[in-house]
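Below are the chains, spelled out letter by letter.
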Amino acid sequence: MTGPAATTAPRPTGTAPGAGHRPAPWVRTRLRATPLAALLTAVLAVGTVFLATAFPRVLDRAADQGLRDYLHDRGTVATSIYATATRSGGAEGLDDAAGLLASHVGPALAVAPGGLVYGARSGKTRTLTDPWLARPEHADPEMGLLYVQGLREHTTLAEGRWPEAPKSGGPVPIALVREVATTLNIHLGDVLNTPDVLQEDRAPRAEVVGILDAVDRDDPYWTELSCPVQACLDFTKGKHPEAFWRFTALVDGSALDAIQAWQTGAQDFWRIPVDVDRLRADRLATTDRELASYLTGHTANELAKVTDRVGLQITSPLPGILEKATARQQATAPLSAIGPAGLAGVGLVVLGLAAALAGDRRAAELRLLQARGGSRTGVVGRLLGEGVVTVLLPAVLAGVLALWLLPTPRWGGAVLAGTAVALFSLLALPLRAARLWSRPRAGNGRRRLAGELAVLALTVTAVVEVRRRGVAPAGADVDPLLVAAPLLLALTGGLVLARLQPLLLGVLARIATRRPGAIGFLGLARAARGGTEGARPSVLPLIALLLAVTTAGFGSTVLGAVDTERVHAARLTVGGDASVVVPIGVPVSEDFAAAAAALPGVRTSTRVWADTEVFVIDGNGSTRIFAVVADPVAYAEISRSLGRGAFDPAALAGGTGGADAPVPALVSSALARKLGAGDTRRIRLPNGGELLARTAGVVDGTPALQGDDRMFVVLPAGPAVTVAPELGRANLWLATGDIDQDRLRGLVREKIATDAQRATAFPVATDRGSDGLPLGYSVRTSAALSAELAADPLQAAAARLFWTAVLGAGALALLAVLLTLVRAAPERTALLARLRTMGLRPRQGLALILIETLPQTLVAAVGGGLVAVAAVALLGPAFDLSILVGADIAPGLRIAVPPVLLPTVGLAALVSAGVVAEALIAGRRQIATELRAGDQR
């Protein structure tokens with residue numbers, strides 16, 4: 001049989017045969033044929049590559065910022081290098097030495113701009129004997145001398161003149177900051193005298209020639225300079241300490257000899273603040289080595305030679321701070337990496353599904369090319385050419401955009417991650433197409449089983465190794481095994497569910513046969529077969545959902561455990577939900593206790609007498625213990641609420657038979673082990689009095705004392721006060737409930753601090769604690785302490801990054817499910833069109849779509865939640881959350897339902913909503929189109 005004669009289009013005159021018939025460019029033709037598919041491919045490449053490039057940058061930025069915030073919170077004192085030497089030379093020598101010391105810092109370390117402080121100071125203070133000086137009690141004030149470079153830039157002259165060089169045999173000209181002069185009752189022109197040493201004319205004196213105002217009293221310039229801008233309240237040593245004022249007077253650089261003569265041990269000093277904004281988290285090891293060299297190594301030896309300073313010593317608290325910063329990084333690194341790792345896994349699944357969808361869409365085209373003699377190399381090359389336009393160029397743009405929007409000194413990891421995702425996106429479709437030229441192999445079931453067993457073996461190995469050695473080895477930044485273990489568990493769970501899902505759905509389908517109507521049975525049967533004839537359910541969307549849900553559930557469990565343990569640790573530290581501590585000799589009155597108990601939110605409260613100067617006397621000598629005297633009922637309720645040292649208050653009942661009758665007592669386990677057998681013990685109190693105590697029970701801890709391995713006794717207030725009335729002068733108040741710290745602090749100022757100071761003629765000290773109360777007073781609440789522990793920028797950044805990754809993984813998991821729906825849409829639409837011709841109503845068609853698609857989503861969500869619980873149970877014992885909590889706690893991670901349930905339900909709802917929306921929006925339109933076009937298959 002022959003076909004019709006071929007016809008030839010007329011050729012313009014003068015043209016050669018074949019001219020103008022060159023084949024159209026492949027890439028341009030394909031892009032014009034399917035512009036929407038090309039656009040969606042480019043958008044997917046941009047999104048995945050941008051995320052892959054951005055997340056390492058975000059991790060680096062968060063680590064650097066967390067380190068810098070942590071060091072800023074420690075303050076200038078903790079982040080400076082201190083150098084001291086024996087006093088010698090003049091002011092010019094101090095300047096030269098400062099330049100040499102600063103020039104040898106670097107390159108990993110750098111001096112903070114404008115922060116170098118140096119000068120000379122007297123080694124000790126001298127007592128001032130002038131009678132008009134302020135004295136809190138009977139002790140004379142003490143004064144030291146200080147020269148500090150840059151004084152005129154940090155103060156203004158209020159009265160008098162700037163100090164200058166002293167005249168021979170005359171007093172030392174000094175200047176005082178106004179607050180110091182006011183506190184000490186010192187005026188301009190006063191001459192301050194010190195006690196005679198050998199002869200009266202040898203006694204150093206100082207004349208106040210200037211009164212200064214500090215530009216900023218809180219400027220780091222004044223730190224560690226021994227009270228130059230405010231007088232400090234100190235106490236004499238001995239059995240009966242007395243309060244006295246201690247302060248520092250300021251002198252000129254020409255008076256350095258006077259500093260030497262003022263008191264023995266005069267020093268030159270240099271404070272070199274480190275520029276923490278230039279430190280990097282990835283260079284902490286290098287920074288630590290450089291700092292060690294500067295303090296005690298090669299650099300320190302070189303500085304001793306070039307400065308020619310006798311006794312040059314260089315110290316800094318920074319090494320310990322950096323060590324803690326490194327430990328914090330190691331603790332937060334897994335939390336920071338788990339979320340992005342889950343997002344990466346879901347992203348790879350989505351890219352694989354997208355490649356599978358594109359391969360199915362173009363399967364007929366590729367088979368036609370194969371049938372017409374197309375080679376594997378030629379077809380793969382053309383597909384790579386398409387990928388250069390639709391994948392590679394958008395990926396480069398996304399990577400450059402991520403690098404530009406998130407600047408950080410480190411770029412290698414980000415570029416590597418972005419490149420890996422771009423190559424995966426580029427090669428997925430060509431490699432899938434290349435399989436068409438390979439011969440089908442038998443035994444696919446055996447290969448699948450072998451692969452699943454390999455994944456299972458790898459998962460078991462990872463879990464066992466994590467449980468054996470803990471979360472991370474010492475000195476490691478990120479523990480890859482810990483990050484991979486939850487993902488491997490999710491992968492294993494997905495493979496198991498892929499095996500079980502057809503069986504479960506098949507059982508449901510058989511159950512549906514006993515119910516009226518065919519929609520339920522048909523939908524479940526199609527779901528069990530994977531939606532198409534002869535196909536298995538796709539495991540990729542199942543794994544994507546499992547990865548997203550498992551990552552979210554496991555990470556949220558860690559975050560929830562940190563929050564829970566932090567609150568518990570804060571309560572244990574405080575001794576309840578609120579505590580008030582007062583200085584020795586200032587009692588917590590009953591009036592204050594009644595007023596405090598009436599504060600809103602207080603549930604239980606009690607006054608407590610607690611002291612460490614208590615001894616248990618027995619035949620082997622005495623044992624120092626911590627004694628607690630409190631109301632048994634209230635204290636037992638606080639102990640029960642706190643979960644530390646709970647006891648029955650009835651055990652402390654009785655003991656009121658007289659002064660010689662033994663008082664019932666609870667003893668600690670450690671004390672019971674040390675004292676051994678014996679019910680009655682003799683207890684000596686701080687004032688020398690004694691009482692007999694009868695052991696009424698043994699407890700492991702008590703709210704008024706931190707730690708569970710301490711030796712202590714708990715005595716009931718009634719019987720103990722009857723025997724020893726001084727035990728009624730409580731020095732501690734404990735309470736439980738939701739208590740406002742500011743209101744409690746105000747009540748302390750009103751009811752305790754002011755009255756006590758007035759009663760003891762004790763002045764309101766200039767030095768105050770961080771809570772605004774005089775020194776010696778403390779008001780703490782567990783809520784405030786928990787908030788303080790939670791104010792960790794590194795952990796906050798890790799939590800934000802984790803939840804961002806979880807949201808991204810959820811969105812990609814939804815995309816994976818939608819891609820699966822799109823992949824099965826043509827066959828499903830054709831089926832529904834046929835059923836419509838048989839009387840299927842539109843509402844029944846939508847129900848059929850939902851019954852077919854939603855079970856996989858719900859099974860994956862439930863399976864992910866179960867895998868998350870399993871991950872917590874298997875990996876939890878390896879966790880130590882102490883650094884994340886900010887306090888020492890018992891290691892281990894306990895299973896909690898809400899942290900797993902909430903993200904599981906949230907992601908399931910998100911994906912289910914997407915499935916329903918796809919069915920409602922696309923289903924009707926596709927069915928109508930199919931009915932109009934007819935079945936062309």
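In the block above lies the structure referred to throughout.
This structure is a prediction, so every number in the text was calculated from the model and none was measured.

Thoughts on the packing of aromatic side chains
Summed over all chains, the structure comprises four aromatic pairs. Between Phe802 and Trp803, the aromatic rings sit 5.1 Å apart at their centres with planes inclined by 70°, giving edge-to-face as the arrangement. On the basis of relative accessibility, which here comes to 37%, the residue Trp803 falls in the partly exposed class. Seen from the ring of Tyr70, Arg74 lies directly overhead, with NZ or CZ sitting 4.3 Å from the centre. The residue whose ring lies beneath Arg121 is Phe269, and the NZ or CZ to ring-centre distance is 4.5 Å.

Description of the pairing of strand S17 (residues 680-684)
Burial of S17 is one-sided: the residues Arg681 and Ile683 facing one way are buried, the residues Thr680, Arg682 and Arg684 facing the other way are not. Bridge count between strand S14 (residues 602-618) and S17: three bridges; the pairing is antiparallel. Along S17, the bridge assignment pairs Phe615 with Arg684. Taken together, the five bridges between S17 and strand S18 (residues 690-699) define a ladder with antiparallel strand orientation. Among the inter-strand pairings, Thr680 is bridged to a residue of S18, identified as Arg694. Linkage of S17 to S18, two consecutive antiparallel strands, is achieved through a turn of five residues, within which Gly688 is found at a positive phi near 95°.

Some points on the state of the cysteines
Taken as a whole and judged by the stated rule, the model has one disulfide. With a sulfur-sulfur separation of 1.8 Å, Cys227 is cross-linked through a disulfide to Cys232. Across the disulfide from Cys227 to Cys232, rotation about the S-S bond amounts to roughly -110°, and the bridge is consequently left-handed. Taken individually, Cys227 and Cys232 each receive the classification buried, so the pair is uniform in this respect.

Remarks on helix H14 (residues 480-512)
With 33 residues, H14 extends 46 Å from end C-alpha to end C-alpha; this agrees with the ideal 48 Å at 1.5 Å per step. Of all the bends found along H14, the most pronounced is centred on Leu500 and spans about 35°, while Pro502, a proline, follows it within four residues.

Notes on the packing of H14 against helix H16 (residues 539-574)
Remark: H14 packs on H16, axes separated minimally by 8 Å, with the N-to-C direction vectors making an angle of 140°. Between H14 and H16, the interaxial angle falls into the category oblique. The element H14 and its partner H16 pack so that their crossing is right-handed. Contacts between H14 and H16 involve Pro486, Leu487, Ala490, Leu491, Gly493, Gly494, Leu495, Leu497, Ala498 and Gln501 from the first element and Val539, Leu542, Ile543, Leu546, Leu547, Thr550, Thr551 and Phe554 from the second. Each residue belonging to the contact of H14 with H16 can be placed in one class, and the counts come to 13 nonpolar, five polar and no charged.

Things to note about the nonpolar core
Counting residues in hydrophobic clusters, the biggest one holds 79 residues, and the most contacted among them are Val346, Phe554, Phe879 and Leu881. Sort the elements by how many residues they give to this core and H16 lands first, with 15 residues. One finds Tyr221, Ala231, Ile259 and Val274 within the second-largest nonpolar core, a separate group that totals 78 residues.

Comments concerning unusual backbone geometry
Positive phi, close to 60°, is recorded for Glu224, a residue that is not glycine. Position of Glu224 relative to the elements: it lies in the loop between strand S8 (205-214) and strand S9 (232-235). One non-glycine residue, Ser226, lies in positive phi territory at about 60°. Assignment of secondary structure puts Ser226 in the loop between S8 and S9.

With respect to the environment of Thr286
Relative to the assigned elements, Thr286 resides in helix H7 (residues 284-296). The sequence separation of Thr286 and Ala108 amounts to 178 residues, and the corresponding C-alpha distance is 7.0 Å.

Observations concerning the side chain of Asp190
Relative to the assigned elements, Asp190 resides in the loop between helix H5 (178-184) and strand S7 (191-193). For the buried Asp190, which has no salt bridge, the nearest side chain bearing the opposite charge is Arg135, at an N-O separation of 12 Å. At 2.7 Å, the side chain of Asp190 and the backbone nitrogen of His187 are in polar contact. Asp190 has contacts with Trp132, Asn185, Ala206, Glu207 and Val208, leaving out every residue within four places of it along the chain.

What about the pattern of salt bridges?
Counted under the stated rule, the structure contains 22 salt bridges. A salt bridge links Arg745 to Asp742; the nearest nitrogen and oxygen atoms lie 3.1 Å apart. On the criterion of helical spacing, the pair formed by Arg745 and Asp742 is a turn pair, its members being three residues apart in helix H21 (residues 741-759). You can call Asp742 exposed: its relative accessible area is 52%. A single network of salt bridges, built from pairs that share partners, joins Asp60, Asp64, Arg280, Asp282 and Arg410.

Thoughts on helix H12 (residues 412-434)
A rise of 1.5 Å per residue sets the reference length of H12, with its 23 residues, at 33 Å; its end C-alpha atoms lie 32 Å apart and thus fit the reference within 8%. Leu427 marks the point of greatest bend in H12, at about 35°, and the proline Pro430 comes within the next four residues. Looking at H12, one finds that the buried residues are Ala414, Gly418, Val421, Ala422, Ser425, Leu426, Ala428, Leu429, Pro430, Ala433 and Ala434. Considering only its buried residues, H12 is in contact with helix H2 (35-74), helix H9 (318-361), helix H10 (363-371) and helix H11 (376-405).

Scoring rules and cut-offs
Residues numbered from 1 in each chain as written. Predicted model: local features only at pLDDT ≥ 70, side-chain atom pairs only at ≥ 80, totals over all residues. Heavy atoms only, no water. Phe/Tyr/Trp six-rings, centres within 6.5 Å; stacked < 30°, edge-to-face > 60°. Buried < 20%, exposed > 50% of the residue type's maximum accessible area, 1.4 Å probe, protein only. Lys NZ or Arg CZ within 6 Å of the ring centre and 35° of its normal. Helix = DSSP H or I, 4+ residues; strand = E, 2+ residues; numbered from the N terminus. Pairing = 2+ DSSP bridges. Disulfide = S-S within 2.5 Å. Expected span 1.5 Å × (residues − 1). Bend = angle between axes of the 7 residues up to and from the residue. Axes fitted to C-alpha atoms, helices over the stretch in contact; angles between N-to-C directions. Parallel < 35°, antiparallel > 145°, perpendicular 65-115°, else oblique. Left-handed = near helix turned anticlockwise from the far one by under 90°. Contact = heavy atoms within 4.5 Å. Nonpolar A, V, L, I, M, F, W, Y, C, P; charged D, E, K, R; others polar. Core = buried A, V, L, I, M, F, W, Y, C linked by side-chain atoms within 4.5 Å. Lys, Arg positive; Asp, Glu negative; His and termini not counted. Salt bridge = Lys/Arg side-chain N within 4 Å of Asp/Glu carboxyl O. Polar contact = N/O pair within 3.5 Å; in protein donor to acceptor, adjacent residues only side chain to side chain.

Function-wise, these values are silent; they only describe arrangement.
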